[in-house]
Amino acid sequence: MATIIDGKAIAAQIRQNIKEETAQLIASTGYTPALAVILVGDDPASAVYVRNKQRACEEVGFRALEYRLPAATTQQELDALIDTLNADGAVDGILVQLPLPRGLDEQRVLLRISPEKDVDCFHPYNVGRVMCGDGVLAPCTPMGVMELIHSTGVSVSGKECVVVGRSNIVGKPQSMLLLRENGTVTVCHSKTADLAEVTRRADILVAAVGRAGLITGDMIKPGAVVIDVGINRGADGKLTGDVDFASAKEVAGYITPVPGGVGPMTIAMLMQNTLRAAQARMAEGKGE
Ligand code: NAD
């Protein structure tokens, strides 16, 4: 029977550490880190995500700046707001909530955000730094996964690590972070010929697909660390992961639940990135 990894508790501890570090920064410099969140349109799910991020900012002691723009916002107007925030010395992080309404170009937006304020770590410059293993900012969800793995005490070094999913946001950067810690990493995807054959080799298995219950107990190596990034809403409205929790927990050594596993870590890592961005900017004399 697997040990359940309590992402909620681990995320709360990380937020507490950030709160203390932020209080020290404010006390020693008088500067308060600030995260600007831009929400375009009125997608209800996006509004909930933005509210949660605002709350997390307030909890750790950051200034939370919110920009709500109508769905009819033009690309030029959005570009202009990003340019203003890029130039604002009192803003450390800029986050544009995705998806954007039709007609707005997400790729262009991600490229426009100054890399030093790109707290989602989506800009190709920061993606490249992740590949090189030397960036200030880290991709939030994959970094949260690493923290959950660290919490088990299992070392990544020399382990067979299997990542299921190869998206730019989760799967690919996840594989880089595991590689950075000397894991032997395999990335699976929709064209993988025999998924179960690969996942059964994994000492550390990360599922980031978006298909409820794809990974069943018989696909897991006994004692493995299983991290479930997937968020799937069932017909009954309930959230489930990509891992079939009931069968997997009988085989795995450690496993994350959904909800309460990776989800809370993503926002905690966003706060960490914002603090790191502020510290880096202050070190360069850029914080106001
Ligand atoms: P995506 O749709 O961009 O990528 C999914 C990946 O899964 C693709 O690379 C695809 O090749 C692979 N895939 C699809 N079917 C497969 C199959 N049958 N076998 C093996 N691989 C298969 O998704 P994403 O943005 O990476 O997100 C993945 C999941 O993680 C989603 O459920 C998403 O909601 C969730 N997510 C959670 C958080 C969080 O904070 N907890 C953050 C980001 C994403």
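Residues numbered from 1 in each chain as written. Predicted model: local features only at pLDDT ≥ 70, side-chain atom pairs only at ≥ 80, totals over all residues. Heavy atoms only, no water.

### A word on the overall build of the chain
Along its length, the chain carries 10 helices and 11 strands. At 19 Å, the chain has a C-alpha radius of gyration in line with the 19 Å of a compact globule built from 288 residues. Taking the principal axes of its C-alpha atoms as reference, the chain extends roughly 55 × 45 × 35 Å. Split into buried and exposed, the 288 residues of the chain put 48% on the buried side. Contacts spanning at least 24 positions in sequence make up 71% of the contacts within the chain whose residues lie at least 6 apart. Of the roughly 13000 Å² of accessible surface on the chain, a fraction of 53% belongs to carbon and sulfur atoms. Charge-centre separation for the chain: the mean point of 28 positive side chains lies 2 Å from the mean point of 33 negative side chains. (Helix = DSSP H or I, 4+ residues; strand = E, 2+ residues; numbered from the N terminus. Rg over C-alpha atoms; globule rule 2.2 N^0.38 Å. Buried < 20%, exposed > 50% of the residue type's maximum accessible area, 1.4 Å probe, protein only. Contact = heavy atoms within 4.5 Å. Areas by Shrake-Rupley, 256 points an atom, 1.4 Å probe, with all protein chains shown as cover. Lys, Arg positive; Asp, Glu negative; His and termini not counted. Charge placed at Lys NZ, Arg CZ, Asp CG, Glu CD.)

### Structural notes on the packing of helix H2 (residues 44-60) against helix H10 (residues 262-283)
Packing of H2 against H10 leaves a shortest axis separation of 10 Å and a crossing angle of 55°. The angle between H2 and H10 places the two elements in the oblique class. Of the two elements, H2 crosses H10, and the hand of that crossing is right-handed. Taking contact as the criterion, the partners of Asn52, Lys53, Ala56, Cys57 and Val60 in H2 are, on H10, Ile267, Leu270 and Met271. For the contact of H2 with H10, the class distribution of residues is six nonpolar, one polar and one charged. (Axes fitted to C-alpha atoms, helices over the stretch in contact; angles between N-to-C directions. Parallel < 35°, antiparallel > 145°, perpendicular 65-115°, else oblique. Left-handed = near helix turned anticlockwise from the far one by under 90°. Nonpolar A, V, L, I, M, F, W, Y, C, P; charged D, E, K, R; others polar.)

### Considerations on the site of the ligand
Of all residues adjacent to the ligand, which total 20 residues, the nearest are Arg166, Ser167, Ser190, Ile231 and Thr266. In this structure, His189 approaches the ligand through a main-chain N or O atom, which is 3.4 Å from a nitrogen atom. For the ligand, a nitrogen atom lies 3.1 Å from a polar atom in the side chain of Arg211. Contact with the protein chains removes 72% of the 850 Å² of surface that the ligand exposes when unbound. Of the residues forming the shell around the ligand, the biggest block, three residues, is contributed by H10. Along the lines of polarity and charge, the residues of the shell around the ligand split into nine nonpolar, nine polar and two charged. (Near = heavy atom within 4 Å. Polar contact = N/O pair within 3.5 Å; in protein donor to acceptor, adjacent residues only side chain to side chain.)

### Notes on empty space enclosed by the protein
The final tally for this structure, using the stated rule, is one cavity of 30 Å³ or more. When its volume is computed, the largest cavity comes out at roughly 30 Å³. Looking at the largest cavity, the residues that line it are Ile94, Leu95, Val96, Leu110, Ile113, Asp118 and Asp120. A total of three residues in the lining of the largest cavity trace back to one element, the largest contributor, which is strand E4 (residues 93-96). (1 Å grid on protein atoms, 1.4 Å probe; cavity = no way out; pocket = protein on both sides within 12 Å on 5 of 7 lines; lining within 4 Å. Points joined across faces, edges and corners; volume = space filled by probe spheres on them.)

### So, the nonpolar core
Formed by 47 residues in total, the largest nonpolar core has its most connected members in Leu35, Ile149, Leu178, Ile227 and Met271. Residue contributions to this core peak at nine residues, all from H10. Residue contacts for Met271: discarding those within four places in its chain leaves Ile18, Leu35, Lys53, Ala56, Cys57, Val60 and Phe62. Counting 19 residues, the second-largest nonpolar core is a separate cluster that includes Ala2, Ala207, Met219 and Val243. (Core = buried A, V, L, I, M, F, W, Y, C linked by side-chain atoms within 4.5 Å.)

### Remarks on helix H6 (residues 140-152)
Given 3.6 residues per turn, any residue in an α-helix points the same way as the ones three and four places further on. With 13 residues, H6 extends 19 Å from end C-alpha to end C-alpha; this agrees with the ideal 18 Å at 1.5 Å per step. Taking burial as the measure, the 13 residues of H6 include 10 buried ones, the bulk of the element. Of the positions making up H6, those classed as buried are Cys140, Thr141, Pro142, Met143, Gly144, Val145, Met146, Leu148, Ile149 and Thr152. One or two steps after H6, the chain reaches Gly153, where phi turns positive at roughly 85°. (Expected span 1.5 Å × (residues − 1).)

### A few points about the sheet that holds strand E3 (residues 63-69)
Across the sheet, which stays open at both edges, the three strands sit in the order E3-E2-E4 with parallel pairing between neighbours. A single partner strand is all that each edge strand has here, and the edge strands are E3 and E4. Here the strands of the sheet are splayed against their neighbours by 15° on average, with no regard to which way each runs. Here strand E2 (residues 34-40) runs beside E3; their pairing, made up of seven bridges, is parallel. By the bridge assignment for E3, Ala34 is matched with Arg63. Across the sheet, helix H3 (residues 75-87) lies against E2, E3 and E4, angled at about 180° from E2, the strand it touches most. (Pairing = 2+ DSSP bridges.)

### Some words on the pattern of salt bridges
Counted under the stated rule, the structure contains 12 salt bridges. Taking the shortest distance from any N to any O, the salt bridge between Arg108 and Asp79 comes out at 2.4 Å. Placement of Arg108 in helix H4 (residues 106-112) and of Asp79 in helix H3 is noted, with a sequence separation of 29 residues between them. Between Lys249 and Glu250 there is a salt bridge, and its shortest N-O distance comes to 3.4 Å. The buried category is assigned to Lys249, whose relative accessible area is 19%. Among the residues examined, Glu250 registers a relative accessible area of 49% and is labelled partly exposed. Linked by salt bridges that have partners in common, Asp79, Asp83, Arg108 and Arg112 make up one network. (Salt bridge = Lys/Arg side-chain N within 4 Å of Asp/Glu carboxyl O.)

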